[in-house]
Amino acid sequence: MKKLLAVLLALTLLVPAMAAAEDKAAASPKEFVIFSDKNAKDNHYIPSGWMGDYGDIKMNDQTATNPHGGTTCIEFIYSAKRSQTQGWAGVYWQNPANNWGNKKGGFDLTGMAKLTFWARGAKGGEVLQKVLVGGIKGTYPDSVMVEMGPIELTDTWKQYTINLVGKDLTYVNGGFGWTTTADLNSNGATFYLDDIKFEVDPNLKPEVKKQQAMPFYIYADRSSIANHFVPSGWMGDYGDIKYDGSSKEDAYLGDTCVKIIYSGKTTQGARWAGIFWQQPANNWGGVDAGFDLSLATKLTFWARGAVGGERIEEFKVGGIMGEFSDSDSATIGPVILNKEWTQYTIDLKGKDMSYVIGGFCWATNVDNNPEGATFYLDEIKFE
Amino acid sequence: MLVACSFLFIFFVSAAQAAKPAVYIQKLKNQHYRLMVGGRPYIVKGVCYNPIPIGMDYDYDWWSDPNKPWITDGKLLKQMGINTIRLYQTHENSEAVKQVIRDLYKLYGIRTLLGDWLGFWEYPCPFYGDRKFQDKVKQKVVEMVDLYKDEPGLLGWILGNENNYSCLGHVNPWSSPEVDSEPDPQKQKLMRAKIYYSFVNEISQQVHKLDPNHPVGLGNGELVGLDSAAKYCQDVDFVACIIYRGKTFGNLFRSLRMTFDKPLLLAEFGADGYDAYLKKEDQNMQAFFLQSQWAQIYENLANSKTGEGNCIGGTVFEWTDEWWKHAPDSPDGWKIHDTDSSWSNGSYYFDIRAVGNKNMNEEWFGLVALGEQLENGLNKRIPRKAFYVIREFWGKPVIKKVKGKKAR
């Protein structure tokens, strides 16, 4: 009897211990799948977050045309027709569907080291501006924001990896996303994605920010894959600004330049306006995503006024302050523009360009441009 | 003979020591800078001091307050570990000023940095290009130096504050016929900078003649214009920068080394203790920023292994809250601890989501809050968390990278 009691006692102790071990194993999977095949049981997240020119996107999530694995992959056809006049489009995989951070969802993916996916273009040469993990804001914001890109696709399957080592993955609602622009794909793009998943990888090291090679372009041409930073930081009387990144009015080099019309109408009452080129878009220092441009000794750009005499108060590199501030700043100005293209230089010698989220900026005001100002920029680059 | 030699030796050594100014800056072999006071290294652990009581504004003559706020404050300042106060401007009652300097030094060992606005708030604007204006400003500084140079509690002089911004036209813009004749606005800026920094240099030379015993600092907003100062203002002994960059000073120390290789006093920096987004006091937020800022100051002191070695300390803004600041033209507002934010600074990111991104609360920068109840005739002093956190840091400075979360 005593022996039976001992066995029962031992079983009582062992069974919960074994169950706990199973729970732990279940809680520590080697991968976390976003998409493997249509209707696969292990799929997570929904490609519900259509952004920008969502009317330009067609999705077939069960195309059988040459999948990478299994029987299906996802086909995206991006028409670049600018249906919503945004000039860009993209899709986020969300949990639950359509969750822009307004409800609690997401997954705790702590322990995952990377996100991998396979992609190919229908013809090759299609460009994804960037692919993303996290970054959805709102009441329940993602704990992480990592992006990679631009990516020029090939016509054969290729695997891409986003390193997540050291990132806070405790809450990920935007599991994966891609964006692209009409400028980068002027004739549209058809591309395929497959086998998108988070993976454990104990051998992967945290990504070390690499020093970017020079020249490092902010703007070369509208469709250039070499472009970096996004002209998203509209400041002051932002309603006074019209921005055209595809102007063909006498570009300095290539086929396009940037055209800016500042009306000086003081729409927001600030009496000044300006644009920051940011990395990523709308980053006012809240996202840890700066480029290491330590090799840069200057930023050069070409500028001209529509009539000449337009006064720009300041052209600037860096200077965005936030949790992740630019490591330095440098300015020139006021500058009175010529009617002819003129090159300007912001000297960066001795500056700390190791972390740059605000790549370039201009600002002007109505006091010095009472009738507004129209001006053009081209070939903005670090050298 | 031996005795005679010993006397001579002692005499010469004493004479050599006596030749050293009471306060001076030493450049070390490793190119680092340190402040020397009475022959010993001195880290400025300071605070900007302007104890305006609730219901009064900047015009209030606290120097003549019979309740002597500096006596009450001095005790707390000493408890915290503060060894220096910064006064932006002296008062016309020179005996009262001397009394403040003496009391703080004799009772608590606290030294004083004295400043002058250099006419920055003159109406309609400071005409730095005008000789008469220059003479008037210079005369005022000379008088200040004459009056206080022999005070044992004096640590040094600071000329101006953020006056350099006027050269850009950002605040209190000014010009001169010479500047107006230049059509290129960029060159105009440089011309104004040349005029301004040359003028400060002149004053600095004058101060040195009158008082060889104390260093002269150039008050400067950020590092703006210091490339011009490097050309025209070499006679100042240190730069006293006003910096609001949140958690980190970034590359400030290295950048100064590259542009104007002078010792750096962080003459004004800090964080407010009010969360403009959540609309409530947040002492943790203030303590978080201040601890991080002081850690960086220490990281860049002389003989630091990792920093630039060009920092001599800081005077944090500020000792007590000032309730008049948000609505300076409305006496009723001076009695209210205003929670409206007046400006935006993304570096103080915890409350940057406040309406219009306005997250900086001018009336909440005190290390010490003011209570409406009176103690010894003064508004009660209520130390904030930063008071204790910084005291602890100074007691045992540990320099480590601060991550982006507030301590709780």
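Residues numbered from 1 in each chain as written. Chains lettered and ligands numbered in written order. Predicted model: local features only at pLDDT ≥ 70, side-chain atom pairs only at ≥ 80, totals over all residues. Heavy atoms only, no water.

### Remarks on the side chain of Thr84 of chain B
All names here are of chain B. Take Thr84: it is sitting in strand β5 (residues 84-87). Of note is the side chain of Thr84, whose polar atom sits 2.8 Å from the side chain of Tyr42. Setting aside chain neighbours within four positions, we find Thr84 in contact with Tyr42, Val44, Lys45, Gly46, Val47, Ile110, Arg111, Leu113 and Leu155. (Helix = DSSP H or I, 4+ residues; strand = E, 2+ residues; numbered from the N terminus. Polar contact = N/O pair within 3.5 Å; in protein donor to acceptor, adjacent residues only side chain to side chain. Contact = heavy atoms within 4.5 Å.)

### Re the packing of helix α2 (residues 69-80) of chain B against helix α11 (residues 385-395) of chain B
When two helices pack together, their arrangement is given by the angle between the helix axes and by the axis-to-axis distance. All names here are of chain B. The geometry of α2 relative to α11 is characterised by a closest axis approach of 9 Å and an angle of 45 degrees between their N-to-C directions. Between α2 and α11, the angle falls in the class oblique. On the side of α2, the interface is formed by Leu76, Gln79 and Met80, while α11 contributes Ala386, Phe387, Ile390, Arg391 and Trp394. Looking at the contact of α2 with α11, its residues break down into six nonpolar, one polar and one charged. (Axes fitted to C-alpha atoms, helices over the stretch in contact; angles between N-to-C directions. Parallel < 35°, antiparallel > 145°, perpendicular 65-115°, else oblique. Nonpolar A, V, L, I, M, F, W, Y, C, P; charged D, E, K, R; others polar.)

### Considerations on the sheet that holds strand β13 (residues 311-316) of chain B
Residue and element names in this part refer to chain B. The parallel closed barrel is built from eight strands, whose spatial order is β4-β5-β6-β7-β8-β9-β10-β13. For this sheet, the mean angle separating the axes of adjacent strands, direction not counted, is 25 degrees. When strand β7 (residues 154-159) meets strand β8 (residues 216-221), the two strands line up parallel, connected through three bridges. Paired with Trp157 across the bridge in β8 is Val216. Lying over the sheet, helix α7 (residues 185-210) contacts β7 and β8, oriented at roughly 155 degrees with respect to β8. (Pairing = 2+ DSSP bridges.)

### Some words on the interface of chain A and chain B
As a measure of interface size, the accessible area lost when the parts come together is often cited. At the junction of the two partners, chain A supplies 14 residues and chain B supplies 16 residues. Across the chain A to chain B interface the summed buried area is about 1,200 Å²; carbon plus sulfur atoms make up 49%. In this assembly, chain A and chain B are joined by zero salt bridges. For the pair chain A and chain B, the interface holds three residue pairs in polar contact (both at pLDDT 80 or more). (Buried area = accessible area lost by both parts, 1.4 Å probe. Salt bridge = Lys/Arg side-chain N within 4 Å of Asp/Glu carboxyl O.)

### Quick look at the nonpolar core
Membership of the largest hydrophobic core comes to 82 residues, with the highest contact counts inside it found for Leu266, Trp319 and Leu367 of chain B. At eight residues, α7 of chain B tops the list of elements feeding residues into this core. Counting residues in each nonpolar core, the second largest holds 37 residues, with Ile34, Tyr78, Ile151 and Phe191 of chain A among its members. (Core = buried A, V, L, I, M, F, W, Y, C linked by side-chain atoms within 4.5 Å. Buried < 20%, exposed > 50% of the residue type's maximum accessible area, 1.4 Å probe, protein only.)

### Focus: the pattern of salt bridges
All names here are of chain B. As enumerated under the stated definition, the model contains 28 salt bridges over all chains in all. Between Lys149 and Asp150 there is a salt bridge, with the nearest N and O atoms lying 3.5 Å from each other. Look at Asp150 and you get exposed, because its relative accessible area is 62%. Asp261 is the salt-bridge partner of Arg257, the closest N and O atoms lying 3.1 Å from each other. Through salt bridges with shared partners, a single network forms among Lys27, Arg257, Asp261 and Glu308.

### Description of the packing of aromatic side chains
Tallied over the entire structure, the rule returns 57 aromatic pairs over all chains. Ring geometry for Phe269 of chain B versus Trp294 of chain B: centroids 5.5 Å apart, planes at 70 degrees, classification edge-to-face. With Phe269 of chain B in the loop between β10 (264-268) and β11 (274-275) and Trp294 of chain B in helix α10 (residues 283-299), this residue pair connects regions lying 25 residues apart in the sequence. We classify Phe269 of chain B as buried; its relative accessible area is 0%. Relative accessible area serves as the criterion here: at 1%, Trp294 of chain B is assigned to the buried category. Linked through ring pairs, Phe76, Trp93, Phe117, Tyr160, Phe176, Trp178 and Phe191 of chain A together constitute an aromatic cluster. (Phe/Tyr/Trp six-rings, centres within 6.5 Å; stacked < 30°, edge-to-face > 60°.)

### Here we look at unusual backbone geometry
Trans peptide bonds make up the majority, and among non-glycine residues the majority have a negative phi. The linkage connecting Asn95 of chain A with the following residue, Pro96 of chain A, adopts the cis geometry, with an omega of -10 degrees. For Pro96 of chain A, the position within the fold is in the loop between β5 (88-94) and β6 (114-121). The step from Tyr123 of chain B to Pro124 of chain B runs through a cis peptide bond, and the omega angle for that step is 5 degrees. Examined against the element boundaries, Pro124 of chain B turns out to sit in the loop between β6 (111-116) and α4 (131-148). Phi is positive for Arg271 of chain A, which is not a glycine, with a value near 70 degrees. Secondary-structure assignment places Arg271 of chain A in the loop between β17 (257-262) and β18 (272-278). Phi at Lys68 of chain B takes a positive value of approximately 45 degrees, unusual for a residue other than glycine.

### Description of the confidence of the model for chain B
Interpreting fine coordinate detail is not advised for predicted regions of low pLDDT. All names here are of chain B. The pLDDT averaged across chain B works out to 93; a share of 93% of its residues lies at or above 70. Across residues 11-17, where pLDDT falls below 50, the model places zero contacts with residues more than four positions away in sequence or in other chains. Across the whole predicted complex the pTM is 0.81, and at the interface the ipTM reaches 0.80. (pLDDT = per-residue confidence, 0-100.)

### Here we look at the environment of Thr181 of chain A
All names here are of chain A. You can see Thr181 is positioned in strand β12 (residues 174-181). Sequence-wise, Thr181 and Val146 are 35 residues apart; in three dimensions their C-alpha atoms are separated by 19 Å. Contact partners of Thr181, with chain neighbours within four places excluded, come to Tyr78, Gly87, Trp88 and Gln129. Reaching out from Thr181, the side chain makes a polar contact with the backbone nitrogen of Leu184 at a distance of 3.0 Å.

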